[in-house]
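Observations on the three-dimensional arrangement
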Amino acid sequence: MSTQQSRFHVPAPPFRPGDEPDFSNLDLQKAGEAKRPDPLIEGFETRDLALGLIGVLDHNHQAVGEWDPKLSPEAMREGLSHMVLTRIFDDRMLKLQRQGKMSFYMKSLGEEAISVAAAMALRDSDMLFPSYRQQGLLIARGRHLVDMMCHCISNSRDNLKGRQLPVHYAWKEGNFFTISGNLGTQFPQAVGWAMGAAMKGEDQVTASWIGDGTTAEGDFHNGLMLASTYRAPVIFNVVNNQWAISMYQGISKGEAPTFAAKGLGYGLASLRVDGNDFLAVHGATQWAAERARKGGGATVMELYTYRADAHSTSDDPTKYRPKTEGQIWPLGDPIERLKQHLIGLGEWDEKRHQALETEMTALVTKAYKEAESYGTLHDGPLAPTHSMFEDVFAEPDWRLRRQRQDLGV
Amino acid sequence: MSTQQSRFHVPAPPFRPGDEPDFSNLDLQKAGEAKRPDPLIEGFETRDLALGLIGVLDHNHQAVGEWDPKLSPEAMREGLSHMVLTRIFDDRMLKLQRQGKMSFYMKSLGEEAISVAAAMALRDSDMLFPSYRQQGLLIARGRHLVDMMCHCISNSRDNLKGRQLPVHYAWKEGNFFTISGNLGTQFPQAVGWAMGAAMKGEDQVTASWIGDGTTAEGDFHNGLMLASTYRAPVIFNVVNNQWAISMYQGISKGEAPTFAAKGLGYGLASLRVDGNDFLAVHGATQWAAERARKGGGATVMELYTYRADAHSTSDDPTKYRPKTEGQIWPLGDPIERLKQHLIGLGEWDEKRHQALETEMTALVTKAYKEAESYGTLHDGPLAPTHSMFEDVFAEPDWRLRRQRQDLGV
Amino acid sequence: MPTKNMIQALNSAMDVVLDRDDDVVIFGEDAGYFGGVFGATQGLQKKYGLDRVFDAPINEAAIVAMAIGMSAKGLRPVAEIQFADYIFPGFDQVVSELSRIRYRSAGQFTTPVTIRTPCGGGIRGGQTHSMSPEAFFTHIPGVKVVMPSNPYDAKGLLIASVESDDPVIFFEPKRIYNGPFNGVPDAPLTSWATHPKGEVPDEHYTVPLGKAEIVRAGSELTIVTYGTLVHVAQSAAEKAGIDAEIIDLRTIVPYDMETIAASVNKTGRVIVAHEAPRTSGFGAELIAQIQEECFYALEAPVARITGWDTPYPHAHEWAYFPGQERFIRTMKTVMEA
Amino acid sequence: MPTKNMIQALNSAMDVVLDRDDDVVIFGEDAGYFGGVFGATQGLQKKYGLDRVFDAPINEAAIVAMAIGMSAKGLRPVAEIQFADYIFPGFDQVVSELSRIRYRSAGQFTTPVTIRTPCGGGIRGGQTHSMSPEAFFTHIPGVKVVMPSNPYDAKGLLIASVESDDPVIFFEPKRIYNGPFNGVPDAPLTSWATHPKGEVPDEHYTVPLGKAEIVRAGSELTIVTYGTLVHVAQSAAEKAGIDAEIIDLRTIVPYDMETIAASVNKTGRVIVAHEAPRTSGFGAELIAQIQEECFYALEAPVARITGWDTPYPHAHEWAYFPGQERFIRTMKTVMEA
Ligand SMILES: Cc1ncc(C[n+]2csc(CCOP(=O)(O)OP(=O)(O)O)c2C)c(N)n1
Ligand SMILES: Cc1ncc(C[n+]2csc(CCOP(=O)(O)OP(=O)(O)O)c2C)c(N)n1
Ligand SMILES: [Mg+2]
Ligand SMILES: [Mg+2]
């Protein structure tokens with residue numbers, strides 16, 4: 001630091017529309033370099049992991065280093081397949097939104113490994129408190145596409161009865177908590193759930209996800225603080241996709257060296273992970289889950305990635321960042337990287353990949369046909385109108401009964 | 001960490017009533033050992049200072065090491081005098097509360113150095129956003145005792161017109177913000193003020209204080225996060241007096257190694273300071289103020305101390321901690337330590353000290369006599385009753401005018 | 001029958017639910033070892049262990065959120081917010097989360113949380129230990145709001161709240177923790193031991209949510225209120241010699257409109273009273289509904305007795321608090337209208 | 001006269017105050033470079049620099065607190081909260097701090113902060129982009145609450161708010177950002193260019209806080225409302241052929257009781273309407289005051305048209321929104337009562 005006078009300072013991103021983006025001096029730790037300590041290491045001792053970058057897939061798409069989860073080819077193919085399906089599902093939903101079939105949509109383009117690898121590294125009985133950009137968790141846990149779509153188009157089969165904006169899923173059988181539209185609220189709630197599991201003597205782990213921008217919220221602190229006090233078995237994932245709508249990560253990161261480093265102050269294990277590296281996400285999640293299950297408490301995991309498309313169907317990213325930024329993003333694409341790794345192992349090839357894409361596309365098309373047969377937001381049928389007065393309380397009181405009558409439904 | 005199973009965990013203090021307290025294995029860095037880096041060091045690089053303990057006065061009461069502010073004997077005697085006055089003022093107010101002269105009181109016993117040394121290390125033009133336990137700031141800035149008392153007994157001369165609970169001072173001419181009863185709210189406000197100063201091109205520094213327990217609040221994070229983003233010229237003081245009413249510091253600290261370490265995650269300079277060492281608090285505050293004034297942004301300063309008396313007039317500490325804990329607290333008493341230091345220098349002696357105490361006691365007695373002449377809460381006169389309808393808005397609207405009429409005042 | 005003050009009654013309620021249901025957990029600032037700054041949870045950690053009754057960090061948002069997560073997992077948390085004035089850091093978790101999780105998940109997840117918090121003035125607490133913020137919570141679809149006025153109800157309503165599958169915000173009028181209060185500032189303290197509602201069984205029982213109680217039958221005037229002011233209204237009616245029917249709402253949401261309407265249709269004159277500021281206080285809601293349902297029975301405008309639209313001032317506490325005198329004055333005005 | 005939609009009018013208001021007063025600063029999530037998710041601050045950072053108009057981290061509590069600190073220091077911050085649904089993390093800083101700093105410091109420190117925030121439904125925003133939380137803020141002594149219903153007022157009220165020495169919560173009914181709305185779900189969008197209040201001067205002017213406007217004079221019935229529903233009420237009155245007097249409150253606190261009472265005393269029949277849930281909505285306050293002041297003039301119970309006591313449901317948005325049909329039905333009921 002070399003300034004000599006106090007001046008008002010607002011962080012600004014390196015590149016704006018019109019600039020030529022260039023990440024060549026982004027200094028990232030190389031795949032394989034990070035050491036993998038015992039999962040019961042003291043949280044504050046994870047400093048190097050919080051400042052570095054846990055990576056497994058190197059630039060030749062080979063798996064290197066201590067964090068390699070050594071998955072079987074089948075498991076990796078399964079991961080690849082979930083990621084491809086997630087991407088195709090997203091693409092189709094976006095198109096349908098453009099056609100007016102649903103009110104709103106949010107893609108996870110470029111971030112598929114973050115949710116799919118985590119879901120596969122956790123047990124199905126582990127509890128998930130996601131944000132709106134982890135649809136891969138549902139895909140990997142085998143939720144039916146038709147059910148996901150029925151929710152997105154708010155039709156008569158929407159398991160949320162049309163009450164939520166699209167992508168704000170809830171799926172209890174899948175141990176997937178109801179997604180909030182309010183950023184960050186799930187972090188301290190996840191701790192409460194995890195504490196409950198510990199109180200009941202269960203070895204269930206709870207994992208939650210928020211974005212880089214959301215780390216600014218008080219609930220980010222509230223979650224970490226609670227987990228630090230009660231040593232709760234929880235994994236806090238911070239998906240650093242560089243952007244929060246139009247605001248670059250510096251607005252919430254400030255002077256912090258990394259988002260992972262924010263966990264150190266709470267004495268929590270803190271890891272920074274290449275979020276576009278399926279194997280790294282898997283390995284790190286496994287480590288954090290083991291730590292939690294063994295009583296070591298919480299881990300903060302920054303997943304370093306890039307939001308490759310718009311924030312949602314409501315914004316145009318070329319208004320605030322260079323169009324080419326995503327293309328030159330140095331950590332590449334998670335699907336492409338796992339695919340090349342499998343090809344390198346002789347466990348995959350371009351033809352099989354194309355076949356997979358074709359198969360998944362067909363799946364999505366078929367599912368949508370079925371979903372649409374249960375109605376759409378625009379043309380109905382929806383959940384019965386009177387259902388909007390239900391579930392406010394366990395039983396509607398006289399006010400709700402009267403209001404329902406007023407509406408004549 | 002060596003646990004192997006997730007269990008519900010609640011931190012518990014080392015000693016409870018009935019236990020024999022023993023701090024002999026409290027491992028504290030020795031006075032003089034901490035290095036004093038350039039104040040424009042990168043925040044995250046202050047790790048050692050956040051984990052250590054900045055001290056100047058050693059066990060022989062000599063000033064040692066790089067953090068010694070090298071104050072003149074006059075300055076130290078002034079500091080001593082302010083601390084003695086603060087303590088005598090507190091004692092008197094407590095007695096008066098017991099006599100029913102005021103509704104409530106909070107002492108700062110054992111924490112006098114924290115406020116007095118800070119006030120002396122800052123400029124009078126620097127802005128203060130305190131909590132309720134820094135009356136030493138007012139004393140050191142020369143607020144009239146009569147005015148402080150008139151507020152505490154809510155009489156006709158209370159500059160707050162009886163609207164606030166005792167000790168919730170506000171003193172604009174002294175650059176002392178209005179104290180809130182709501183814990184922690186002042187931290188992010190202080191950042192807003194500091195940003196305003198920077199925007200206006202002033203070199204004013206803003207300092208704020210909260211307790212260890214209050215670091216759990218969202219506003220602790222909100223303040224640090226804002227300062228980290230906007231590089232605001234602010235000093236965040238965390239007075240770790242070991243207790244938050246009945247809760248020991250572990251409830252808010254959790255797994256964090258120190259409270260100071262919580263600043264590192266935001267990339268802020270983070271210091272842990274012997275709060276019972278007048279010279280250490282002075283030196284560290286000077287350093288942080290220089291950093292802020294030169295554009296280096298915020299510092300988080302944990303002031304390690306012990307709340308030597310009850311939380312307030314509403315609790316009995318022997319119900320939740322051993323009575324002797326405070327007496328054996330290894331960092332001693334701030335007044336005694338500075339006094340011995342001055343005596344060691346040949347700049348002070350017991351006789352002068354007694355004379356000082358006598359003088360201050362007389363000052364307080366005289367001030368109280370005057371204050372009482374303007375009324376007391378119990379017997380009046382108070383501020384005129386109609387004044388309770390003023391200052392809600394710049395001008396009362398029809399509702400307030402009518403309500404005043406209703407009350408007939 | 002044993003007598004209890006309100007703190008003892010609340011303590012007994014928690015003792016009962018802790019004992020009957022392993023899923024009940026209790027936490028709050030100073031609520032563990034110390035037993036709470038008012039002593040409501042005293043002895044419970046010792047009896048049930050650190051796993052069931054424990055201290056929480058000073059962060060009301062985190063306290064509510066942790067309760068939400070635990071309740072969704074299947075526990076029945078009872079969280080204490082030390083003073084109602086300090087509930088606002090947790091307001092978002094109540095408005096956007098606690099109240100809506102059943103709704104937005106279409107019943108998949110539920111949040112049977114009880115939040116206990118002392119409210120109201122009259123104890124020289126100044127503006128940050130005196131608020132009555134119940135009205136804010138009545139505008140949130142999906143939470144129930146309760147405020148007892150005596151030890152018997154306090155215990156019965158608290159047990160009912162904990163056993164309810166809906167989230168409940170449970171306000172405790174701290175002025176009457178130790179005894180009923182007639183609204184005369186210098187009146188000597190009376191003890192609950194001398195009040196019929198100070199008789200509180202040690203066992204389990206409930207007072208149903210949503211049911212008001214007519215604490216004084218009368219024919220000339222209806223007073224609808226809750227909490228501390230129930231006692232002020234009673235003392236004022238006696239003193240003024242007006243045959244008022246006094247309704248203690250007990251549950252504020254959902255309020256017992258049936259009981260209110262029956263009384264209003266009988267008396268034709270109404271006062272609603274609360275300690276909170278007037279504008280958009282819960283009295284407004286009561287009036288809106290009363291005039292809708294009983295318009296043709298009303299013989300005079302419904303009057304409001306409330307706190308003023310200012311913060312609760314420390315020194316002028318008794319000019320703020322709606323005491324006996326103000327009740328009597330308003331009762332007379334309404335009778336003469 | 002140039003025409004502007006509401007976003008353009010708000011943008012123009014901020015342009016004017018930034019230009020006239022160096023102490024005005026503007027910030028919010030996405031409010032800097034991008035100009036806000038609705039574009040209200042578009043172009044302002046470019047024109048006035050990063051020091052005057054800038055992005056804020058996603059933390060509404062911090063945004064309000066920072067505004068408080070800046071305003072106490074002498075600035076006039078205009079903070080944007082991206083959606084009114086997201087204001088609650090900052091609620092404590094509003095209730096306990098922003099609203100009280102003048103009071104608790106006895107005028108030593110003041111906080112002339114304006115908080116702008118888009119509210120209301122009708123844009124398929126689901127339960128977290130549709131709330132109308134104004135009633136919560138009307139129960140807080142010490143903050144003013146404003147909600148314009150058209151571009152002309154939006155600009156004039158926003159300038160008045162920024163220039164006011166009191167804190168103001170400024171709600172913007174986002175459904176009518178681009179044009180008035182008659183409350184019929186499938187009605188084609190109409191533009192502000194065709195509405196007289198779409199004519200908005202480029203220069204400085206103010207619309208005074210605390211003054212309602214009679215947007216339709218009438219003799220049979222008074223409708224008191226604000227925001228989007230002003231237009232729904234107007235369309236319903238035309239359609240139903242009822243000679244309603246329609247009052248657009250513009251400022252909700254302090255509300256213009258003089259204008260309301262004069263109208264009610266003339267018509268004897270009243271409807272109050274808002275989009276927020278019914279229980280403890282601001283309509284309740286209006287009714288309480290109306291029946292107090294105009295009791296003997298009332299010929300029928302005051303009716304409420306409101307949102308339901310549920311979260312704002314996504315798919316059933318139009319069953320929730322108080323549209324033209326519900327207005328007409330209620331108007332008929334009140335006329336027949
Ligand atoms: C409490 C709250 N404030 C603001 C918003 C509006 N909002 C929705 S998404 C978003 C950006 C979030 O960015 P980030 O956390 O980085 O997640 P990402 O979208 O990049 O996955 C904002 C500001 C909100 N939903 N909730
Ligand atoms: C928001 C809020 N929550 C709770 C309280 C009640 N309260 C007052 S002081 C206190 C303890 C504070 O402890 P600490 O921060 O360590 O400061 P200390 O009193 O030790 O100086 C509590 C819980 C409050 N005033 N405000
Ligand atoms: Mg992001
Ligand atoms: Mg403390």
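Above this text sits the structure in question.
Presented here is a report on the structure given in the accompanying data block. (Residues numbered from 1 in each chain as written. Chains lettered and ligands numbered in written order. Predicted model: local features only at pLDDT ≥ 70, side-chain atom pairs only at ≥ 80, totals over all residues. Heavy atoms only, no water.)

This part takes up the interface of chain A and chain B. As a measure of interface size, the accessible area lost when the parts come together is often cited. Contacts between chain A and chain B engage 52 residues on the former and 53 residues on the latter. Regarding the contact of chain A and chain B, the summed buried area is about 4500 Å², with carbon and sulfur atoms giving 56% of it. At the junction of chain A with chain B, the criterion picks out 2 salt bridges. B:Arg231 is the partner of A:Glu255 in a salt bridge, and the nearest nitrogen-oxygen pair spans 3.0 Å. Linking chain A to chain B there are 18 residue pairs in polar contact (both at pLDDT 80 or more). The set of elements that each furnish at least two residues to the side of chain A that touches chain B consists of helix H1 (47–51), helix H6 (186–199), helix H7 (218–230), helix H8 (250–253) and helix H9 (278–293) of chain A. (Contact = heavy atoms within 4.5 Å. Buried area = accessible area lost by both parts, 1.4 Å probe. Salt bridge = Lys/Arg side-chain N within 4 Å of Asp/Glu carboxyl O. Polar contact = N/O pair within 3.5 Å; in protein donor to acceptor, adjacent residues only side chain to side chain. Helix = DSSP H or I, 4+ residues; strand = E, 2+ residues; numbered from the N terminus.)

Before going further, it helps to spend a moment on the coordination of the magnesium ion (ligand 4). All names here are of chain B. All of the protein donors around the magnesium ion (ligand 4) are Asp 212 (OD), Asn 241 (OD1) and Trp 243 (O); their distances to the metal are 2.0 to 2.1 Å. Spacing between the donor residues of the magnesium ion (ligand 4) along the chain follows D-x28-N-x1-W. The pair Asn 241 / Trp 243 is uniform in exposure class, with both members buried. (Donors = N, O, S within 2.8 Å, 3.2 Å for Na, K, Ca; no water. Buried < 20%, exposed > 50% of the residue type's maximum accessible area, 1.4 Å probe, protein only.)

On to the interface of chain A and chain C, then. Contacts between chain A and chain C engage 45 residues on the former and 45 residues on the latter. Carbon and sulfur atoms supply 61% of the area that chain A and chain C bury against each other, a total of about 3600 Å² over both sides. In this structure, A:Arg402 engages C:Glu293 in a salt bridge whose closest nitrogen and oxygen atoms are separated by 2.7 Å. At the surface where chain A touches chain C, the tally comes to 21 residue pairs in polar contact (both at pLDDT 80 or more). Elements with a minimum of two residues in the side of chain A that touches chain C: H6, H7 and helix H12 (398–407) of chain A. The leading source of residues in the side of chain A that touches chain C is H6(A), at 8 residues. Residue composition of the side of chain A that touches chain C, grouped by class: 20 nonpolar, 13 polar and 12 charged. (Nonpolar A, V, L, I, M, F, W, Y, C, P; charged D, E, K, R; others polar.)

With respect to spatial proximity, 20 residues lie near ligand 2, and among them B:Tyr132, B:Arg133, B:Asp212, B:Thr214 and C:Glu60 are the closest. This site is not confined to one chain, since residues near ligand 2 come from chains B and C. Taking B:Asn241, its side chain carries an N or O atom lying 2.8 Å from an oxygen atom of ligand 2. Residue B:Trp243 places a main-chain N or O atom 2.8 Å away from an oxygen atom belonging to ligand 2. Burial of ligand 2 by the protein chains amounts to 96% of its free accessible area of 590 Å². Classifying every residue of the shell around ligand 2 by side-chain character gives 7 nonpolar, 8 polar and 5 charged. (Near = heavy atom within 4 Å. Areas by Shrake-Rupley, 256 points an atom, 1.4 Å probe, with all protein chains shown as cover.)

With that settled, the discussion passes to the coordination of the magnesium ion (ligand 3). Residues and elements named next belong to chain A. Coordination of the magnesium ion (ligand 3) by the protein comes from Asp 212 (OD), Asn 241 (OD1) and Trp 243 (O), over a distance range of 2.0 to 2.1 Å. For the magnesium ion (ligand 3), all donor residues lie on one chain, and their spacing in sequence is D-x28-N-x1-W. Its relative accessible area of 5% is what places Asn 241 among the buried residues.

Time to look at the pattern of salt bridges. Residue and element names in this part refer to chain A. Here the structure, examined in full by the defined rule, presents 91 salt bridges over all chains. Among the ionic pairs, Arg 87 bridges to Glu 112, the shortest N-O distance being 2.8 Å. Of the two residues, Arg 87 sits in helix H2 (residues 73–98) while Glu 112 sits in helix H3 (residues 112–121), which places them 25 residues apart along the sequence. The class for Arg 87 is buried, based on a relative accessible area of 17%. For Asp 391, the salt bridge is made with Arg 163, and the minimal N-O distance between the two is 2.9 Å. Pair noted here: Asp 391 is in the loop between helix H11 (350–373) and H12 and Arg 163 is in the loop between helix H5 (145–152) and H6, with a separation of 228 residues, a long-range link. Taken as a pair, Asp 391 and Arg 163 share a single burial class, namely buried.

This next bit is on the site of ligand 1. Around ligand 1, the surrounding shell holds 20 residues, and the nearest of these are A:Tyr132, A:Arg133, A:Asp212, A:Thr214 and D:Glu60. Between ligand 1 and the protein, one listed contact pairs a nitrogen atom with a side-chain N or O atom of D:Glu60 at 2.6 Å. Across the complex, the protein chains shield 96% of the 580 Å² of accessible surface that ligand 1 would expose by itself.

To continue, consider the packing of aromatic side chains. Under the defined criterion, the tally for this structure stands at 73 aromatic pairs over all chains. Ring geometry for A:Phe8 versus B:Tyr230: centroids 5.9 Å apart, planes at 20 degrees, classification stacked. In this pair, A:Phe8 is assigned in the segment before H1 and B:Tyr230 in helix H7 (residues 218–230), connecting two distinct chains. A ring pair is formed by D:Phe83 and D:Tyr86, whose centres lie 5.8 Å apart and whose planes are at 80 degrees; its orientation type is edge-to-face. Given the relative accessible area of 10%, D:Tyr86 is considered buried. Ring-pair connections join several aromatic residues into one group, and the members of that group are C:Phe88, C:Phe91, C:Phe136, C:Phe137, C:Phe171, D:Phe88, D:Phe91, D:Phe136, D:Phe137 and D:Phe171. Positioned above the aromatic ring of A:Tyr304 is the side chain of A:Arg272, whose terminal nitrogen or guanidinium carbon lies 4.5 Å from the ring centre. Across from the ring centre of B:Tyr374, 4.0 Å away, lies the NZ or CZ of B:Arg157, which sits over that ring. (Phe/Tyr/Trp six-rings, centres within 6.5 Å; stacked < 30°, edge-to-face > 60°. Lys NZ or Arg CZ within 6 Å of the ring centre and 35° of its normal.)

Right, let's get into the environment of C:Phe27. All names here are of chain C. Along the chain, Phe 27 turns up in strand E1 (residues 24–28). With 52 residues separating them along the chain, Phe 27 and Ala 79 place their C-alpha atoms 5.1 Å apart. Phe 27 has contacts with Phe 54, Ala 56, Ile 63, Met 66, Ala 67, Met 70, Pro 77, Val 78, Ala 79 and Glu 80, leaving out every residue within four places of it along the chain.

Turning our attention to helix H10 (residues 282–294) of chain D. It helps to recall that an α-helix has 3.6 residues per turn; residues three or four apart then point in one direction. Residues and elements named next belong to chain D. End to end, H10 covers 18 Å across 13 residues, agreeing with the expected 18 Å (1.5 Å per residue, within 8%). Among the 13 residues that make up H10, 11 are buried, leaving the element largely enclosed by the rest of the structure. Along H10, the positions that sit buried rather than exposed are Phe 282, Gly 283, Ala 284, Glu 285, Leu 286, Ile 287, Ala 288, Gln 289, Ile 290, Gln 291 and Cys 294. (Expected span 1.5 Å × (residues − 1).)

Here the bond from B:Gly380 into B:Pro381 is cis, since omega is -5 degrees, no more than 30 degrees from zero. Tracing the sequence through the fold places B:Pro381 in the loop between helix H11 (350–373) and helix H12 (398–407). The omega torsion across D:Val253 and D:Pro254 is -5 degrees, close enough to zero to call that bond cis. For D:Ser280, which is not a glycine, the phi torsion comes out positive at approximately 60 degrees. Within the fold, D:Ser280 resides in the loop between strand E11 (270–277) and H10.

Attention now goes to the relation of the copies chain A and chain B. Superposing chain A onto chain B takes a rotation of 180 degrees combined with a translation of 0.0 Å along the rotation axis, leaving an RMSD of 0.0 Å. What the superposition gives is, in effect, a two-fold axis relating one chain to the other. By residue overlap, the copies meet face to face through one surface: 100% of the interface positions of chain A are interface positions in chain B. (Least-squares fit on C-alpha atoms with pLDDT ≥ 70 in both.)

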